[in-house]
Amino acid sequence: MAQALALAAATGQAAFGQPAHVAPPMGVPFGRSIGPPADKVEDFVGTWKISWTGSVGTNCPCQGTLTIDAAGNGELMGYWETRSGTYVLRGKVGYDQNSWTGRFEKPNDQADFPIKGQFLLMTRESGKITGSYQPLGTAIGFPVNGVR
């Protein structure tokens, strides 16, 4: 065993046959490109025409508007206009800057069971977004699609 370790050290190989230089550079997320992100945060900002589905009884597929603004500190804030009122979305843009995740809720909702939850939206080429939202208390998310 000692001879194998000595041989590995002499050839630049770890004891298990892995090259000693395979670790990612310091500060780089494992498995991620160290190049610049392909999209920009600004790709989310603006007004989107969106459509979505919902649980049984929501009379969807539905359509509405989502307006997204920069809120500072790498966060975005969105205003999702629906038939039942405006929902506010807050969250951060991911490392690759093509995904936005966070929480949504209807401010001052006085319903017995207010609808709020989490979302994921991703920018796509040609001015499109796709993703999903998941109200609290549900087991699955519902799709969202949008265009400028």
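Here, the structure is the one placed above.
Cut-off values and rules
Residues numbered from 1 in each chain as written. Predicted model: local features only at pLDDT ≥ 70, side-chain atom pairs only at ≥ 80, totals over all residues. Heavy atoms only, no water. Disulfide = S-S within 2.5 Å. Buried < 20%, exposed > 50% of the residue type's maximum accessible area, 1.4 Å probe, protein only. 1 Å grid on protein atoms, 1.4 Å probe; cavity = no way out; pocket = protein on both sides within 12 Å on 5 of 7 lines; lining within 4 Å. Points joined across faces, edges and corners; volume = space filled by probe spheres on them. Helix = DSSP H or I, 4+ residues; strand = E, 2+ residues; numbered from the N terminus. Nonpolar A, V, L, I, M, F, W, Y, C, P; charged D, E, K, R; others polar. Pairing = 2+ DSSP bridges. Axes fitted to C-alpha atoms, helices over the stretch in contact; angles between N-to-C directions.

Colleague: Give me the state of the cysteines: which residues, what numbers.
Modeller: One pass over the structure, following the stated rule, counts one disulfide. Between the sulfur atoms of Cys 60 and its disulfide mate Cys 62 the distance is 2.0 Å. The sign of the -90° torsion about the S-S bond sets the Cys 60-Cys 62 disulfide as left-handed. On the basis of relative accessible area, Cys 62 is assigned to the buried category, the value being 8%.

Colleague: I'd like a description of the layout of surface pockets, backed by residues and values.
Modeller: Estimated volume of the largest pocket: approximately 350 Å³. Lining the largest pocket are 19 residues; nearest its centre among them are Trp 52, Thr 58, Tyr 87, Ile 115 and Tyr 133. Mapped onto the lining of the largest pocket, the elements with two or more residues apiece are strand S2 (62–72), strand S3 (75–82) and strand S7 (128–135). Residues that form the lining of the largest pocket fall into these classes: ten nonpolar, eight polar and one charged.

Colleague: How would you explain the sheet that holds strand S4 (residues 85–93) if you had to name every residue and give the values?
Modeller: Sheet strands pair by backbone hydrogen bonding; their relative direction is either parallel or antiparallel. Strand order around the closed barrel formed by eight strands is S1-S2-S3-S4-S5-S6-S7-S8, with antiparallel pairing between neighbours. Taken over all neighbouring pairs, the strand axes of this sheet differ in orientation by 30° on average, direction set aside. With eight bridges connecting them, strand S6 (residues 116–124) and S7 associate as antiparallel partners. In the sheet register, Gln 118 faces S7, and the bridge partner there is Gln 134.

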